[in-house]
Amino acid sequence: RAAALRQLAAAQAQAGHSSAQETFRQASETASRITDDESRAAALRQLAAAQAQAGHFEQARETASRITSDWRRADALAELAAALAQAGYVVQAFETFGPRLPNEFVEHVAAWGESFDAVENGLSLRVLRECLRVIGWVYPDWREIGERL
């Protein structure tokens, strides 16, 4: 039921229906009643992703915060951060993304490239180089990669 409500809310949001907010709320309540921890976490992560894609960023953040599994919550926040970056909220995307291992951080920053370039042409490459330069302070191999860019 939670998946069906999530899909309905996403479709409503995409079509511009004001009822999407209420359907997302119902999906959240339904997902919260799932007794299996892994299934509940997966349902909440998928719901947070749908909310983020629909532009309901605060609602997505609240949904993600209810995920008790650290790594599933981190995945949900990464999806929210990507949606924020795509919508042009780059600073909020970085704040939401939080601390990550270097390879994961660089992977996501590179994926947000179009969002950076929408702000300013060529910004994605400069941001990526700067990330690699800072990571290179601790991991010299990363500095070398950044220099090659």
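Here goes a summary of the coordinates provided.

The rules behind the values
- Residues take numbers from 1 onward in each chain, read along the sequence in its written order.
- Reporting of local features is limited, given that this is a predicted model, to residues whose pLDDT is at least 70; pairs of side-chain atoms are given and counted only at 80 or more, and all residues count toward the totals for whole chains, interfaces and linings.
- Note: side-chain values were computed over all heavy atoms of the structure, leaving out hydrogens and water.
- Under the scheme used here, helices are H or I runs from DSSP no shorter than 4 residues and strands are E runs no shorter than 2 residues, and both carry numbers assigned from the N terminus.
- Only protein chains enter the area calculation, which uses a 1.4 Å probe; residues under 20% of their type maximum are buried, those over 50% are exposed, and those in between are partly exposed.
- By the convention used here, residues are in contact when the closest approach between their heavy atoms is within 4.5 Å.
- Exposure was quantified through the Shrake-Rupley algorithm and a 1.4 Å probe, taking into account, for residues, occlusion by the shown protein chains and nothing else.
- To get an axis, a line is fitted to the C-alpha atoms, and for a helix only the part in contact is used. The angle between two axes follows their N-to-C directions and goes from 0 to 180 degrees.
- Oblique is the label for every angle not falling under 35 degrees (roughly parallel), over 145 degrees (roughly antiparallel), or within 65 to 115 degrees (roughly perpendicular).
- Here the term charged refers only to Asp, Glu, Lys and Arg, the term nonpolar to Ala, Val, Leu, Ile, Met, Phe, Trp, Tyr, Cys and Pro, and the term polar to all other amino acids, Gly among them.
- Residue types Ala, Val, Leu, Ile, Met, Phe, Trp, Tyr and Cys, when buried and joined through side-chain atoms within 4.5 Å, form a set referred to as a nonpolar core.
- Pairing of aromatic side chains here covers Phe, Tyr and the six-membered ring of Trp, requires ring centres within 6.5 Å, and sorts the geometry by plane angle: under 30 degrees stacked, over 60 edge-to-face, intermediate tilted.
- Two conditions define a charge sitting above a ring: the NZ of Lys or the CZ of Arg must be within 6 Å of the ring centre, and it must be within 35 degrees of the ring normal.
- Surface patches are drawn from residues lacking salt bridges whose relative accessible area is over 30%; two like charges belong together within 9 Å, two nonpolar side chains (Val, Leu, Ile, Met, Phe, Trp, Tyr) within 5 Å.
- A carboxyl oxygen of Asp or Glu within 4 Å of a side-chain nitrogen of Lys or Arg is what we treat as a salt bridge.
- Given the number of residues in a helix, its expected span is that number minus one, multiplied by 1.5 Å.

## Here we look at the overall build of the protein
Turning to step 1, where the next piece is worked out: When you go through the protein residue by residue, the secondary structure sums to 10 helices and 0 strands.
Turning to step 2, where the next piece is worked out: Reading the secondary structure of the protein in the N-to-C direction produces α-α-α-α-α-α-α-α-α-α.
Turning to step 3, where the next piece is worked out: Split into buried and exposed, the 149 residues of the protein put 42% on the buried side.
Turning to step 4, where the next piece is worked out: Counting contacts in the protein only where the partners sit at least 6 residues apart, residues at least 24 apart contribute 40% of the total.
Turning to step 5, where the next piece is worked out: Of the roughly 8,600 Å² of accessible surface on the protein, a fraction of 52% belongs to carbon and sulfur atoms.

## Things to note about the packing of helix H3 (residues 37-53) against helix H5 (residues 70-86)
Turning to step 1, where the next piece is worked out: At a minimum axis distance of 9 Å, the contact between H3 and H5 shows a crossing angle of 5°. Here H3 lies roughly parallel to H5, going by the angle between them. From H3, Glu38, Ala41, Ala42, Arg45, Ala48, Ala49, Ala52 and Gln53 reach across to H5, where they touch Trp71, Arg72, Asp75, Ala76, Glu79, Leu80, Ala83 and Gln86.
Turning to step 2, where the next piece is worked out: The class makeup of the residues in the contact of H3 with H5 is 9 nonpolar, 2 polar and 5 charged.

## Here we look at the environment of Ile34
Turning to step 1, where the next piece is worked out: Summarising the element assignment, Ile34 is placed in the loop between helix H2 (20-32) and H3.
Turning to step 2, where the next piece is worked out: Excluding anything up to four places from it in sequence, Ile34 contacts Ser39, Arg40 and Ala43.

## Looking at the nonpolar core
Across soluble globular proteins, nonpolar side chains have a tendency to be buried as a group.
Turning to step 1, where the next piece is worked out: Counting residues in each nonpolar core, the largest one holds 23 residues, and the members touching the most others are Leu80, Ala93, Val106, Val109, Trp112, Phe116 and Val127.
Turning to step 2, where the next piece is worked out: Once residues within four sequence positions are removed from consideration, Val106 is found in contact with Leu128, Leu132, Ile135 and Trp142.

## As for the packing of aromatic side chains
Turning to step 1, where the next piece is worked out: In this structure the tally under the stated criterion is 6 aromatic pairs.
Turning to step 2, where the next piece is worked out: Between Phe94 and Phe116, the aromatic rings sit 6.0 Å apart at their centres with planes inclined by 25°, giving stacked as the arrangement. Of this pair, Phe94 sits in helix H6 (residues 90-97) while Phe116 sits in helix H8 (residues 113-119), placing them 22 residues apart in sequence.
Turning to step 3, where the next piece is worked out: Members of the aromatic cluster, joined through ring pairs, are Phe94, Phe97, Phe105, Trp112 and Phe116.
Turning to step 4, where the next piece is worked out: When the ring centre of Phe97 is taken as origin, the NZ or CZ atom of Arg100, which lies over that ring, is 4.2 Å away.

## What about a nonpolar patch on the surface?
Turning to step 1, where the next piece is worked out: A contiguous nonpolar patch, built from Val134, Trp137, Val138 and Tyr139 and spanning about 440 Å² of accessible area, is present on the exposed surface.
Turning to step 2, where the next piece is worked out: Structurally, the position occupied by Tyr139 is in the loop between helix H9 (123-135) and helix H10 (140-148).

## Describing the pattern of salt bridges
Opposite charge on two side chains permits them to pair, given that their charged atoms come into close proximity.
Turning to step 1, where the next piece is worked out: A full pass over the atoms with the stated rule returns 9 salt bridges.
Turning to step 2, where the next piece is worked out: The partner of Arg45 in a salt bridge is Glu79, and the shortest N-O contact between them spans 2.5 Å. Of this pair, Arg45 sits in helix H3 while Glu79 sits in helix H5, and the two are 34 residues apart along the sequence.
Turning to step 3, where the next piece is worked out: Where Arg133 meets Glu130, a salt bridge forms, and the shortest distance between an N and an O atom there is 2.4 Å. Here Arg133 pairs with Glu130, and both are found in helix H9, just 3 residues apart, close to one helical turn.

## As for the packing of helix H4 (residues 57-65) against H5
Turning to step 1, where the next piece is worked out: Here H4 crosses H5 at 170°, and the two axes come no closer than 9 Å. When the axis of H4 is compared with that of H5, the two are roughly antiparallel. Counting all contacts with H4, which are made through Phe57, Ala60, Arg61, Ala64 and Ser65, the residues of H5 involved are Arg73, Ala76, Leu77, Leu80, Ala83 and Leu84.

## What about H5?
Turning to step 1, where the next piece is worked out: Helix length check: H5, at 17 residues, gives a terminal C-alpha distance of 24 Å against a target of 24 Å (1.5 Å per residue), a fit within 8%.
Turning to step 2, where the next piece is worked out: Buried residues in H5 make contact with H3, H4, H6, helix H7 (102-111) and H8.
Turning to step 3, where the next piece is worked out: Just downstream of H5 lies Gly88, where phi reads positive at about 95°.

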